Amino acid sequence: LILAAALRDAIAHDRLRLFYQPQVHACSGTLYGVEALSRWIDPSLGFVSPARFIAVAEETGQIEAIGKWSLRAACRQMAQWIRDGVEVPVVSVNLSPLHFRDETLPRFVSELLAETGIPPHSLTIEITESTMIDNYDRTIRVAQRLREMGVGMSMDDFGTGFSSLSNLAGLPVNEVKIDRSFMTGLESIEKVRAVVMAVVRIGQSLGMTVVAEGVEHEEQRRLLAEMECDVLQGYMFSKPLPAEELAAWFAAYQ
Ligand code: G
Ligand code: G
Ligand code: NA
Ligand code: MN
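In the nomenclature of an unreviewed UniProt entry, the protein is known as EAL domain-containing protein of Komagataeibacter rhaeticus.

Examining the pairing of strand β7 (residues 175-178)
Burial along β7 is two-sided: Glu 175 and Lys 177 and Val 176 and Ile 178, pointing in opposite directions, are all buried. You can see the chain leave strand β6 (residues 152-158), run along helix α6 (residues 165-170) and come back into β7, and the turn it takes is right-handed. Note: β7 against strand β8 (residues 209-212), 4 bridges, orientation parallel. Bridge pairing in β8 links Ile 178 to Ala 212.

What to know about the site of ligand 1
Residues in close proximity to ligand 1 include Leu 37, Ser 38, Ser 49, Pro 50, Ala 51, Ile 54, Ser 70, Asn 94, Leu 95, Ser 96 and Thr 128, which together make up its full environment. Listing elements by their share of the shell around ligand 1, those giving two or more residues are β2 (31-42), α2 (50-60) and β4 (91-95). In terms of residue count, α2 provides more of the shell around ligand 1 than any other element does, 3 residues in total. Of the residues assigned to the shell around ligand 1, the class counts are 5 nonpolar, 6 polar and no charged.

Considerations on the confidence of the model for the protein
The predicted coordinates of low-pLDDT regions are not to be read in fine detail. When pLDDT is averaged along the protein, the result is 95, and 100% of the positions lie at 70 or above. For this predicted complex, the interface score ipTM comes out at 0.96, while the overall pTM is 0.97.

Here's the deal with the packing of helix α4 (residues 105-116) against helix α5 (residues 136-149)
At a minimum axis distance of 9 Å, the contact between α4 and α5 shows a crossing angle of 25 degrees. When the axes of α4 and α5 are compared, the pair comes out roughly parallel. With respect to the hand of their crossing, α4 and α5 are arranged in right-handed fashion. In contact with Leu 105, Pro 106, Val 109 and Ser 110 of α4, α5 contributes Val 142, Arg 145, Leu 146 and Met 149. Among the residues forming the contact of α4 with α5, the class breakdown is 6 nonpolar, 1 polar and 1 charged.

A word on the environment of Val 93
Turning to its location among the elements, Val 93 is positioned in strand β4. For Val 93, a count of 24 C-beta atoms within 10 Å translates into the label buried. For the pair Val 93 and Glu 35, spaced 58 residues apart in the sequence, the C-alpha separation amounts to 6.3 Å. Each residue touching Val 93, except ones within four places of it in the same chain, is listed here: Ala 36, Ser 70, Leu 71, Ala 74, Ile 125 and Glu 126.

Considering α5
With 14 residues, α5 extends 20 Å from end C-alpha to end C-alpha; this agrees with the ideal 20 Å at 1.5 Å per step. Where α5 is buried, its residues touch α4, β5 (123-127) and β6. Following α5 by one or two positions, Gly 150 adopts a phi angle in the positive range, close to 100 degrees.

Focus on the pairing of β4
Counting buried residues along β4, 5 of its 5 residues qualify, which places the element largely inside the surrounding structure. Burial along β4 is two-sided: Val 91, Val 93 and Leu 95 facing one way and Ser 92 and Asn 94 facing the other are all buried. Sheet topology note: the β4/β5 ladder contains 5 bridges and is parallel. Bridge assignment links Asn 94 to a residue of β5, and that residue is Glu 126. Read as a crossover between parallel neighbours, the route from β4 over α4 to β5 is right-handed.

What to know about the site of ligand 2
Around ligand 2 there are 14 residues in total, and Leu 37, Gly 214, Glu 216, Gly 234 and Tyr 235 lie nearest to it. Taken together, the residues that form the shell around ligand 2 break down as 4 nonpolar, 5 polar and 5 charged.

Cut-offs applied
Residues numbered from 1 in each chain as written. Chains lettered and ligands numbered in written order. Predicted model: local features only at pLDDT ≥ 70, side-chain atom pairs only at ≥ 80, totals over all residues. Buried ≥ 20, exposed ≤ 12 C-beta atoms within 10 Å, placed from the backbone. Helix = DSSP H or I, 4+ residues; strand = E, 2+ residues; numbered from the N terminus. Right-handed = clockwise from strand over helix to strand, strands pointing away. Pairing = 2+ DSSP bridges. Near = placed C-beta within 6 Å. Nonpolar A, V, L, I, M, F, W, Y, C, P; charged D, E, K, R; others polar. pLDDT = per-residue confidence, 0-100. Axes fitted to C-alpha atoms, helices over the stretch in contact; angles between N-to-C directions. Parallel < 35°, antiparallel > 145°, perpendicular 65-115°, else oblique. Left-handed = near helix turned anticlockwise from the far one by under 90°. Contact = placed C-beta atoms within 7 Å. Expected span 1.5 Å × (residues − 1).

Rendered as structure tokens:
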């Protein structure tokens, strides 16, 4: 309850920030895009993990405001990068499945694209499966509308929790992100390696871009590249960074 009130205050005073984590092509190492992740440093509570405050926001209905704020902030940042000549091809924004109950979401996004002047393919929306998708038909309809507009759709945290094979087959997504929990066993456990390999093949056969999250070591990078996983994201390349630091990271990385 204290957290809910503090979050309301943080939203009202614009205290949430987006950090950006680079994603690179596994074969060439060039920049594929960035994932926008919400950060909240409260004056009295200190750093509050999104894992905690997103769950609270979903219970209290504040998730709606957070989703719209993060879409707006990410699109504005993308417009800024374009103006500054920083070549970030795509920004991915996390949305809760609850947003896909709202049939006005595609119009909100198209107005945002028009307002910021960024191309639709420079935005991807990750369905971050914190909760069960409860209205499946409507979720498909809303996601399909976004795809028709040219916006990317990604299935986050694949292989854990609510992120299931039936969703991968049923939802109009063009990207799948292998959950980072698989990365720990990748080097040492043969079964984990077989599962990750199978997910890469499933993604490929569905025509999707396959992203591996939580890549921390060279050996993981090598194995994933060998499996023909398309895109890698993790501390090995960079932790999530403030927008200003991303440009510097990119300049040093190139
Ligand atoms: O960045 P970090 O590992 O602390 O994020 C924890 C979880 O919170 C991750 O599952 C991430 O997807 C989620 N998350 C981070 N930012 C957002 C956001 O803006 N919206 C939603 N819905 N989830 C987010
Ligand atoms: O659930 P989601 O995949 O959106 O979570 C992304 C979160 O994972 C981010 O908050 C980020 O801080 C964290 N993260 C990113 N890269 C790594 C990594 O290499 N290792 C670990 N343990 N966490 C990571
Ligand atoms: Na995510
Ligand atoms: Mn994820």
